[in-house]
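Residues per chain, in single letters:
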Amino acid sequence: MAGFLIALLSGALMSIQGVFNTQVTKTTGLWVSNTWVQFSAFLACIAVWLFTGRDSFMTVMKVEPKYMLLGGVIGAGITWTVIQSMSALGPAKAALLIVTAQLVVAYVIELFGMFGMEKQPLDWRKVGGLVIALIGITIFQWE
C-alpha cells in the first residue's frame, strides 16, 4: 500500500513540478530553468544526505554497467521535454501523454528484461490496459 501511495504522490509532484518549471521558463529561458531545477534538486539531495544515511559517494563508482550513471543526464532531458510539452499542450494533455508513454516504455522494459530488470511474460490484460489508455488519449483530445 505504501508503494501505491508513493507512486500517486510521485505523479502529483511531477505534474506540479512541470507547471512550476514551465512558468519559470517563461521568465528565465529554457536552459536557465532546467539548470535551476537540477541545481536545486542537487542542493535538496545534499541537505537530505547530511541529515540521513551518509552513504559514501565513492560507491557510485562501483555501479555496473556504467551507463546506469546517466540518470541525471536523462533527468535534464525529462525536465526539458516536460517544459516543452506543457508549454505546447497545457498541463493536462501533456501529463496524459507523458504518463501513457511512461507506461508503454516501462512495460516494454519489463517484457524484454532490459537494463537489468527481470523479464516478465506477455500479459494480454496489461496490453488491453495500454490499448484502453491509448483510447483514453484519443477521447481526451477529441474536440
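Below: a short report on this structure. Predicted model, so just to flag it, every value in this text is computed and none were measured.

## Here's the deal with the pattern of salt bridges
Phase 1: Applying the stated criterion to the full structure yields three salt bridges.
Phase 2: When the shortest N-O distance is used, the salt bridge between Lys66 and Glu64 registers 3.5 Å.
Phase 3: With a relative accessible area of 57%, Glu64 lands in the exposed category.
Phase 4: In this structure, Lys126 and Glu110 form a salt bridge, with 4.0 Å as the shortest nitrogen-oxygen distance. With Lys126 in helix H5 (residues 124-141) and Glu110 in helix H4 (residues 91-112), the pair connects residues that are 16 residues apart, well separated along the chain.

## Re the layout of surface pockets
Phase 1: One number sums up the size of the largest pocket: a volume of about 380 Å³.
Phase 2: Along the wall of the largest pocket there are 17 residues; nearest its centre are Met14, Ile78, Val82, Ile98 and Gln102.
Phase 3: Contributing elements (two or more residues each) for the lining of the largest pocket: helix H1 (2-28), helix H3 (71-89) and H4.

## As for the packing of H1 against helix H2 (residues 30-51)
Phase 1: At a minimum axis distance of 7 Å, the contact between H1 and H2 shows a crossing angle of 135°. Our classification of the angle between H1 and H2 gives oblique. Considering how the two elements wind past one another, H1 and H2 form a crossing that is right-handed. Residues Gln17, Asn21, Val24, Thr25 and Thr28 of H1 lie in contact with H2, whose contacting residues are Leu30, Val32, Ser33 and Val37.
Phase 2: The residue makeup of the contact of H1 with H2, split by class, is four nonpolar, five polar and no charged.

Conventions and cut-offs
- Residues numbered from 1 in each chain as written.
- Predicted model: local features only at pLDDT ≥ 70, side-chain atom pairs only at ≥ 80, totals over all residues.
- Heavy atoms only, no water.
- Salt bridge = Lys/Arg side-chain N within 4 Å of Asp/Glu carboxyl O.
- Buried < 20%, exposed > 50% of the residue type's maximum accessible area, 1.4 Å probe, protein only.
- Helix = DSSP H or I, 4+ residues; strand = E, 2+ residues; numbered from the N terminus.
- 1 Å grid on protein atoms, 1.4 Å probe; cavity = no way out; pocket = protein on both sides within 12 Å on 5 of 7 lines; lining within 4 Å.
- Points joined across faces, edges and corners; volume = space filled by probe spheres on them.
- Axes fitted to C-alpha atoms, helices over the stretch in contact; angles between N-to-C directions.
- Parallel < 35°, antiparallel > 145°, perpendicular 65-115°, else oblique.
- Left-handed = near helix turned anticlockwise from the far one by under 90°.
- Contact = heavy atoms within 4.5 Å.
- Nonpolar A, V, L, I, M, F, W, Y, C, P; charged D, E, K, R; others polar.

All we've got here are geometric facts, nothing functional implied.
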